[in-house]
Amino acid sequence: DAPDAGSNRRPLDPVTVEVVRNKLDGIANEMQQTLLRASFSPIVKEGLDASAGLFTLAGETLAQATAIPMHLSTLIPVMATMLRRFPPDTMRPGDAFLMNDPYLGGTHLPDIAVVMPIFDGATLAGFSATMTHHQDMGGMTPGSVPTNATEIFQEGLRLPPLKFLDQGTENAVVLEILRLNVRIPDTVVGDLRAQLSACTVGARRVAELSASLGHGHGQAIFAELL
């Protein structure tokens, strides 16, 4: 396409926009399949209680996998919380963040959200995110969904928004706290790393797409899709 007069941005043609829309849906579903196949617990492998999606720079939903509607809607306030707590200009390639606090956008404590910034070179292009219902988060009963709980502290470990990966390096303190507070630490950590794998797949695919389109043109298409 020829550039608009007085502008360096190419005009948007409906064919390209539709191709990109389907590409983004495909990326979200590839994230979902990675999440389901790489997880350890039966609640994910058999119950499929996990979800994935892509988000814009402003934290708006760009594409969703075919997954759990409650997760997909809850990832929106999770994204808003993460952007308030971790300004985008402080994020770096290889970073990832997590939380499960229901009062800051989560659902219940077993649902941990993982958010990863997506970079096209050195430029932030969006976010990939996953949410998994973990088999156990501690608390007064196995499975961490006690029907007789009278306060959230009885339900299990409550995680505020935390940086879990710092340019590719896991936060060992967070992992140690998590392991000491859950009944099946290897399974929980395995599922958490499956979430990271799924986010990484999404980040890689969107970065490739953004690079092929040109960053400005890609962002214009994302805005048009919304």
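Going by the structure above, here's the rest.
So, how was this worked out
Residues numbered from 1 in each chain as written. Predicted model: local features only at pLDDT ≥ 70, side-chain atom pairs only at ≥ 80, totals over all residues. Heavy atoms only, no water. Buried < 20%, exposed > 50% of the residue type's maximum accessible area, 1.4 Å probe, protein only. Helix = DSSP H or I, 4+ residues; strand = E, 2+ residues; numbered from the N terminus. Contact = heavy atoms within 4.5 Å. Pairing = 2+ DSSP bridges. Salt bridge = Lys/Arg side-chain N within 4 Å of Asp/Glu carboxyl O. Axes fitted to C-alpha atoms, helices over the stretch in contact; angles between N-to-C directions. Core = buried A, V, L, I, M, F, W, Y, C linked by side-chain atoms within 4.5 Å.

S.K.: Quick one: what's the story with helix H6 (residues 215-225), residue by residue and with numbers?
M.R.: Listing the buried residues of H6 in full gives His 217, Gly 218, Gln 219, Ala 220, Ile 221 and Phe 222. Next to the buried residues of H6 lie helix H1 (14-38), strand E2 (61-64), strand E5 (123-133) and helix H5 (185-213).

S.K.: I'd love a proper account of the pairing of E5, names of residues and values included.
M.R.: Along E5, 10 of the 11 residues are buried, which leaves the element largely enclosed by surrounding structure. Here strand E4 (residues 111-120) runs beside E5; their pairing, made up of 10 bridges, is antiparallel. The partner of Ile 118 across the bridge, within E5, is Gly 126. Between E4 and E5, which pair antiparallel one after the other, the connecting turn spans 2 residues, and Gly 121 there sits at a positive phi close to 70°.

S.K.: I'd like a rundown of the pattern of salt bridges, residues and numbers included.
M.R.: Within the structure shown, the criterion is met by 9 salt bridges. Among the salt bridges present, the one from Arg 179 reaches Asp 186, with a minimum N-O distance of 2.9 Å. Within the structure, one salt-bridge network assembled from shared partners comprises Glu 18, Arg 21 and Asp 25.

S.K.: Which residues make up the sheet that holds E4, and what values do they have?
M.R.: Taken in spatial order, the 7 strands make up an open sheet running E2-E1-E5-E4-E3-E6-E7, and their pairing is antiparallel. In this open sheet, the two edge strands, each paired with only one partner strand, are E2 and strand E7 (169-170). By the bridge criterion, 3 bridges tie strand E1 (residues 50-55) to E2 in an arrangement that is antiparallel. Residue pairing for E2: Gly 53 is matched across the bridge by Gln 64. Lying over the sheet, helix H3 (residues 69-85) contacts E1, E2, strand E3 (96-99), E4 and E5, oriented at roughly 130° with respect to E5. On the sheet, H6 packs against E2, E4 and E5 and is oriented at approximately 50° with respect to E5.

S.K.: A description of the nonpolar core should follow, citing residues and the corresponding values.
M.R.: Soluble globular proteins tend to pack their nonpolar side chains together in the buried interior. Core analysis: the largest hydrophobic core is formed by 45 residues, its most contacted members being Leu 24, Leu 54 and Phe 164. For this core, the element with the highest residue contribution is H5, accounting for 12 residues. Apart from the residues lying within four places of it in its own chain, the contact partners of Phe 164 are Ala 96, Phe 97, Leu 98, Thr 169, Glu 170, Asn 171, Val 174, Leu 175, Leu 192 and Leu 196. Counting residues in hydrophobic clusters, the runner-up holds 17 residues, among them Leu 75, Met 82, Leu 83 and Met 131.

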